[in-house]
Amino acid sequence: MAMARASSGLAYPDRFYAAATYAGFGGSPNSSSKGVTSKFSNDVALLLYALYQQATVGPCSLPKPRGWSPVEQSKWTSWNGLGNMASIEAMRLFVKILEEEDPGWYSRVSNFISDPVVDVEMNHNLKMEVPTKNEITLPEMKTIPTENGNSVDKDVLVEGVGSVGVYDQWVVPPISGPHPKPRYEHAAAVVDDKMYIFGGNHNGRYLNDLQTLDLRNWTWSKVEVKANSEDSVKVTPCAGHSLIPWEGNKLISIAGHSKDASEVITVKAFDLQTYTWSTMKTYGKPPVSRGGQSVTLVGTNLVIFGGQDGNRTLLNDLHILDLETMTWDEIDTIGVSPSPRSDHAAAVHAERYLLIFGGGTHATCFNDLHVLDLKTMEWSRPSQQGEIPSPRAGHAGVTVGESWFIVGGGDNKSGVSQTVVLNMSTLSWSVVTTVKGRAPIASEGLSLVLSSYNGEDILVSFGGYNGKYNNEVNLLKPSHKSTLQATKSGTPALDSGSGAQNATNGTRDVDVEFEAGQEAKVREINMDTNEPQIIEVNEVNERSIATLKAEKEELESALSNEKSQSLQLKQELIEAESKNADLYKELQSVRGQLAAEQSRCFKLEVDVAELRQKLQTMDTLQKEVEILQRQKAASEEAFAKQKQTSGGVWGWLSGAPPPTQNSNDV
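All values reported here derive from a predicted model rather than from experimental measurement.

J.: Just give me the short version of the confidence of the model for the chain, but keep the residues and values in it.
T.: Mean pLDDT over the chain works out to 78, with 74% of the residues at or above the 70 mark. The least confident element of the chain, judged by mean pLDDT, is strand E31 (residues 521-526) at 29; the most confident is strand E19 (residues 353-357) at 98. Of the regions scoring below 50 in pLDDT, residues 1-9 engages in 35 contacts with residues more than four places distant in sequence or in other chains. Scored below 50 in pLDDT, residues 152-163 makes 32 contacts in the model with residues more than four places away or belonging to other chains.

Next comes the structure, spelled out in structure tokens:
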């Protein structure tokens, strides 16, 4: 056993200032230390600088540096790129990045932390000792202390190949083989009694290894990926992705953060027979690349919700990938959808209802529950029963029948130590168990899968981060009776045909029996006397049944009216569309006639212009003719006068005969 220092004792903003001081900044808003620390790589240092400025000063309002200084240019670009990010969000991201780069920073700054640092015991995997020739050993499972300090070690043994003999408690099995690197934000899936672990985040570095844990002999081994096929590809290291088993021999890895992320979600498949990765070709419009989303298999469809894109923008969009046609489809929903978030949990109930629980933004965690009806695509936020879990993000969930188990997560201050379960029919919460201290179960970014042995379900958890990167495996065998809690009314909240579930507490004080052909009765055993006294109480009340029937008839009547109105509206819509089509045809005809008239009008305008030009020419010619006529008349008059005066001296000199005189002139 080792001693570890709890990192959950300091809240924001004090936690940010402690981290800033450790990273090389001043640790307070009035600090004059603005330089980029040299403790980290250039990219990380620039991002930390920008987040520190955003948290202490606010959005960048400085003009872009004009001088040729690559460092100053990079610092300004990094800070300015954060836009209007809130101060508390910048603080949280600063601490998160520091913890990824230097997980042990908190334990080295206790000299200025006023809050006490609590020493708690951390659980580590037990190594199996090899027995000697004449020695037979029966390996034991290590138990995890519960909140009240009691460790459950009764009947916790490895029977043959790993049966767990205690209910509703986390235990650590004896693991052999080379353990994977500690990590969180990885993905896990079970195929043929083997748990596969892919990728994740280790000390701020993305991983791309594929590890497998045999759930029969609890042995780790690394899957040697082959690249001898023409279609095989080298998978990119990533974190915050999802791993889905498909067709019995494939693992589908979808989405996730990576250093060289594409603009849209990529889908890759690992063939468990050829041990090769390949990129799956998809059709339609793929969603934007993201990590921290939820991916839920519903029939042959993958339902993707939310997450955080490469620019740290939170999302709440909904997309579906049909695995048979590999076609993307963005879904338009009705109702009030969940707010943008990442690192939430999702489950499907009755192949119809998608449940979203928790998650968070950069500074806030949620404990709200949203339900999407996959038939009507309508969001709702139903009321929850029982002890509603605390806000959390980075938790993991798995369904066992109608029970949805939620494990781990964090709330920016500490890891969540409670393992809770939701009855998806009644929407009633109950606590399964609570671990003590900073056990790996109380981590963010852990994985949770469902396995079985001898017909009993077993939950298997791996990894996570709670101030320390973990690679521990933990098991829990749920008690089905204690997990199927019912509401007081016993009426299912989601599926009216699923029937009410029966309640019993963890000490088995109440036994529930359904007898064929008889009404359901609860036999409550009173332990105050020496002999148990059985009190029979009728669960089914005729008045309640009558009320439910009346409500059912009322709802059916309302539904019938709604259907009638819907049919009427559809008929009116069809008539309106028909009228609209006729009007459209008339409009097209009028448009054609108008175009013809416009063409004719244009030709007439051209003819009129030509005639006007000719008319102007004719006026000019007429004026010239009039001038010529006047000139001609003047010439003729002058000629006549000259002719009359052509006799006398000038005629004699010219030898012209004198003009003869008519008899009339005498």
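There's plenty left to go through after this.
J.: How would you explain the packing of helix H1 (residues 14-23) against helix H4 (residues 87-101) if you had to name every residue and give the values?
T.: For any two helices packed against each other, one specifies the inter-axial angle together with the distance between the axes. Across the interface, H1 lies against H4 with an axial gap of 9 Å and an inter-helix angle of 50°. As the angle between them shows, H1 and H4 are arranged oblique. Relative to H4, H1 is oriented so that their crossing is left-handed. Residues Arg-15, Phe-16, Tyr-17, Ala-19, Ala-20, Tyr-22 and Ala-23 of H1 touch H4, and the partners they reach there are Met-91, Phe-94, Val-95, Leu-98 and Glu-99. Each residue belonging to the contact of H1 with H4 can be placed in one class, and the counts come to 10 nonpolar, no polar and 2 charged.

J.: Now, about the packing of aromatic side chains: what can you tell me, with residues and values included?
T.: This structure, assessed with the given rule, holds 14 aromatic pairs. Ring centres of Phe-25 and Phe-94 lie 5.9 Å apart, and the angle between their planes is 70°; this geometry places the pair in the edge-to-face category. Here Phe-25 is found in the loop between H1 and helix H2 (42-56), whereas its partner Phe-94 is found in helix H4, with 69 residues between them in sequence. Both residues of the pair, Phe-25 and Phe-94, belong to the buried class. Ring centres of Phe-198 and Trp-277 lie 4.9 Å apart, and the angle between their planes is 40°; on these two criteria the pair is classed as tilted. One end of the pair, Phe-198, is in strand E6 (residues 194-202); the other, Trp-277, is in strand E12 (residues 276-279), with 79 residues separating them in the sequence. For the pair shown, Phe-198 and Trp-277 are each scored as buried.

J.: Which residues make up the pairing of strand E14 (residues 294-298), and what are the values?
T.: The element E14 is largely enclosed, with a buried count of 4 among its 5 residues. The pairing of E14 with strand E15 (residues 301-309) spans 5 bridges and is antiparallel. Its bridge partner lying in E15, Thr-296 is registered against Val-303. Between E14 and E15, which pair antiparallel and follow one another directly, the connecting turn spans 2 residues, one of which, Gly-299, has a positive phi of 65°.

J.: So what's going on with H1? Residues and values would help.
T.: Across the 10 residues of H1, 8 count as buried, placing the element largely inside the fold. For H1, the complete set of buried residues consists of Arg-15, Phe-16, Tyr-17, Ala-18, Ala-19, Ala-20, Tyr-22 and Ala-23. Looking at the buried positions of H1, the neighbouring elements they touch are H2 and H4. Residue Gly-24 follows H1 closely and has a positive phi angle near 115°.

J.: Provide a residue-level description of the pairing of strand E25 (residues 418-423), including the pertinent values.
T.: Of all 6 residues making up E25, 5 are buried, and the element is well covered by its neighbours. Alignment of strand E24 (residues 403-407) against E25, held across 4 bridges, turns out to be antiparallel. Considered in E25, the bridge of Phe-405 is made with Val-421. Bridge count for E25 against strand E26 (residues 428-434) is 6 bridges, and the pairing is antiparallel. Opposite Val-421, over in E26, you have Ser-430 as the bridge partner.

J.: Which residues make up the sheet that holds strand E5 (residues 187-191), and what are the values?
T.: Each strand in a sheet pairs with its neighbour through backbone hydrogen bonds, running either in the same direction (parallel) or in the opposite one (antiparallel). Strands sit in the order E5-E6-E7-E8 across an open sheet of 4 strands; the sheet is antiparallel. In this open sheet, the two strands that pair with only one neighbour each are E5 and strand E8 (219-222). Averaged over all pairs of adjacent strands, the angle between their axes in this sheet comes to 25°, without regard to strand direction. The pairing of strand E7 (residues 205-214) with E8 spans 4 bridges and is classified as antiparallel. What sits directly across from Leu-213, in E8, is Trp-220.

J.: Got a sec to walk through the sheet that holds strand E10 (residues 250-254)? Specific residues and values, please.
T.: Pairing in this open sheet of 4 strands is antiparallel, and the strands run E9-E10-E11-E12 from one edge to the other. Strand pairing shows two members of the sheet lacking a second neighbour, strand E9 (242-246) and E12, which therefore form its edges. The average angle at which neighbouring strand axes cross in this sheet is 25°, direction not considered. Pairing between E9 and E10: 5 bridges, direction antiparallel. Residue pairing across strands places Ser-242 opposite Ile-254, the latter belonging to E10.

J.: Pulling in residues and values, what's your account of the packing of H2 against H4?
T.: Here H2 crosses H4 at 150°, and the two axes come no closer than 8 Å. Relative to H4, the element H2 is oriented roughly antiparallel. For the crossing formed where H2 meets H4, the hand is left-handed. Residues Val-44, Leu-47, Leu-48, Leu-51, Tyr-52, Gln-54 and Ala-55 of H2 form the contact with H4, whose participating residues are Ser-87, Ala-90, Met-91, Leu-93, Phe-94, Ile-97 and Glu-101.

J.: Lay out the pattern of salt bridges in plain terms, naming residues and giving numbers.
T.: Per the counting criterion, the structure on display carries 10 salt bridges. Of the charged contacts, one joins Arg-216 and Asp-193 as a salt bridge, the two residues approaching to 3.5 Å between their closest N and O atoms. Placement of the pair is Arg-216 in the loop between E7 and E8 and Asp-193 in the loop between E5 and E6, with a sequence separation of 23 residues. Residue Arg-216 is classed as partly exposed on the basis of its relative accessible area, which comes to 25%. You can call Asp-193 partly exposed: its relative accessible area is 31%. A salt bridge links Arg-290 to Asp-317, with the shortest nitrogen-to-oxygen separation between them at 2.7 Å. Residue Arg-290 is found in strand E13 (residues 290-291), and its partner Asp-317 is found in strand E16 (residues 314-322); the two are separated by 27 residues along the sequence. Across this residue pair, the class does not change: Arg-290 and Asp-317 are buried.

J.: Pulling in residues and values, what's your account of the environment of His-370?
T.: Position of His-370 relative to the elements: it lies in strand E20 (residues 369-373). On the basis of relative accessible area, His-370 is assigned to the buried category, the value being 5%. In this structure the C-alpha to C-alpha distance between His-370 and Pro-338, which are 32 residues apart in sequence, comes to 6.6 Å. In this structure His-370 touches Val-336, Pro-338, Arg-341, Leu-354, Leu-355, Ile-356, Trp-379, Ser-380 and Arg-381, once residues within four positions along its chain are discounted. At a separation of 2.9 Å, a polar atom in the side chain of His-370 contacts the side chain of Asp-368.

J.: So, H4: which residues are in play, and what are the values?
T.: In this model, H4 (15 residues) spans 21 Å end to end at C-alpha, consistent with the 21 Å of a helix rising 1.5 Å per residue. Listed as buried for H4 are Ala-90, Met-91, Arg-92, Leu-93, Phe-94, Val-95, Ile-97, Leu-98, Glu-99 and Glu-100.

J.: A description of the nonpolar core should follow, citing residues and the corresponding values.
T.: Counting 30 residues, the largest nonpolar core has Phe-16, Phe-25, Leu-48, Leu-51, Phe-94 and Trp-105 as the members making the most contacts within it. The set of elements that each furnish at least two residues to this core consists of H1, H2, helix H3 (70-80) and H4. Leaving out residues up to four positions away in the same chain, Leu-51 has contacts with Leu-82, Met-85, Ala-90, Leu-93, Phe-94 and Ile-97. Counting residues in each nonpolar core, the second largest holds 17 residues, with Ile-175, Ala-188, Met-195 and Trp-218 among its members.

How each quantity is defined
- Residues numbered from 1 in each chain as written.
- Predicted model: local features only at pLDDT ≥ 70, side-chain atom pairs only at ≥ 80, totals over all residues.
- Heavy atoms only, no water.
- pLDDT = per-residue confidence, 0-100.
- Helix = DSSP H or I, 4+ residues; strand = E, 2+ residues; numbered from the N terminus.
- Contact = heavy atoms within 4.5 Å.
- Axes fitted to C-alpha atoms, helices over the stretch in contact; angles between N-to-C directions.
- Parallel < 35°, antiparallel > 145°, perpendicular 65-115°, else oblique.
- Left-handed = near helix turned anticlockwise from the far one by under 90°.
- Nonpolar A, V, L, I, M, F, W, Y, C, P; charged D, E, K, R; others polar.
- Phe/Tyr/Trp six-rings, centres within 6.5 Å; stacked < 30°, edge-to-face > 60°.
- Buried < 20%, exposed > 50% of the residue type's maximum accessible area, 1.4 Å probe, protein only.
- Pairing = 2+ DSSP bridges.
- Salt bridge = Lys/Arg side-chain N within 4 Å of Asp/Glu carboxyl O.
- Polar contact = N/O pair within 3.5 Å; in protein donor to acceptor, adjacent residues only side chain to side chain.
- Expected span 1.5 Å × (residues − 1).
- Core = buried A, V, L, I, M, F, W, Y, C linked by side-chain atoms within 4.5 Å.

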